[in-house]
Amino acid sequence: MQISLFKKVGTYKDKKDGKEKQYTNFYLRCGDSLIPIEPCFFPDKDNDNRDYQYAGRKEVMKAFADTLPDKAVKEKPEEKGEYKPQLQPMPDDDSGIPF
């Protein structure tokens, strides 16, 4: 089984100041499943609970992630569970290594 990293980039309107901001969500593809992940924030108690490497970890993930394909539109969108990202099955490399 092969694992792939995907990202989804979009914008949202902040409720506090009303400005549009950008977000990036990350997903791991494991077989036919998409698993949401996020980079961790590790506060440093010696430096005012800041994590100076968080932005770097997030940028590395952005650089290596592929863009998540758009959702498939079905004929009856009002039914639950009708949307699923268009992912092609990945060939098994028969290595026996899960990662």
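Within every chain, residues take consecutive numbers counted from 1 along the sequence as written. In view of the model being predicted, local features appear only for residues whose pLDDT reaches at least 70, and side-chain atom pairs are presented and counted only at 80 or more, with totals across whole chains, interfaces and linings using the full set of residues. No hydrogens and no water enter the side-chain calculation; it runs on all heavy atoms of the structure.

## So, the overall build of the protein
Alright, step 1. Only DSSP runs of H or I with at least four residues qualify as helices, and only runs of E with at least two residues qualify as strands; both kinds are numbered from the N terminus onward. Counting its secondary structure elements, the protein contains 1 helix and 4 strands.
Alright, step 2. Note on exposure labels: buried denotes an accessible area under 20% of the residue type's maximum, exposed denotes more than 50%, and partly exposed covers the range between, all computed with a 1.4 Å probe on protein chains only. Looking at the protein as a whole, 16% of its 99 residues are labelled buried.
Alright, step 3. In the protein, the share of contacts with a sequence separation of at least 24, taken over all contacts with a separation of at least 6, comes to 40%.
Alright, step 4. Total accessible area computed for the protein in this model is approximately 8500 Å², and 51% of it derives from carbon and sulfur atoms. We call two residues contacting when some pair of their heavy atoms lies within 4.5 Å. Each accessible area value is a Shrake-Rupley result obtained with a 1.4 Å probe; residue values ignore everything except the protein chains displayed when judging cover.

## Details of the environment of Arg-57
Alright, step 1. Looking at the secondary structure, you find Arg-57 in helix H1 (residues 54-64).
Alright, step 2. It is 6.8 Å that separates the C-alpha atoms of Arg-57 and Pro-39, two residues lying 18 residues apart in sequence.
Alright, step 3. Excluding its chain neighbours within four sequence positions, the residues that come into contact with Arg-57 are Cys-40, Phe-41, Phe-42 and Asp-51.

## What to know about the pattern of salt bridges
Alright, step 1. The term salt bridge refers to a side-chain nitrogen of Lys or Arg lying within 4 Å of a carboxyl oxygen of Asp or Glu. Per the stated rule, a full pass over the model turns up 3 salt bridges.
Alright, step 2. Close ionic contact of Lys-62 with Glu-59 constitutes a salt bridge, the shortest N to O distance being 3.4 Å. Here the residue Lys-62 and the residue Glu-59 both occupy positions in helix H1, the gap between them amounting to 3 residues, near one helical turn.
Alright, step 3. The partly exposed category is assigned to Lys-62, whose relative accessible area is 25%.
Alright, step 4. For Glu-59, a relative accessible area of 46% puts it in the partly exposed group.

## Section: unusual backbone geometry
Alright, step 1. In this structure, Asp-48 is a non-glycine residue whose phi angle is positive, near 55°.
Alright, step 2. When you line up the elements, Asp-48 lands in the loop between strand S3 (33-37) and H1.
Alright, step 3. In this structure Asp-48 comes out as exposed when scored by relative accessible area, which is 66%.
Alright, step 4. In this model, Asn-49 sits at a positive phi of 60°, which is unusual for a non-glycine residue.
Alright, step 5. Here Asn-49 lies in the loop between S3 and H1.

## Digging into the pairing of strand S1 (residues 3-13)
Alright, step 1. For S1 and strand S2 (residues 20-30), the ladder comprises 11 bridges, and the chain directions are antiparallel. Bridging across to S2, Lys-8 finds its partner in Asn-25. Paired strands are those between which DSSP finds at least two bridges.

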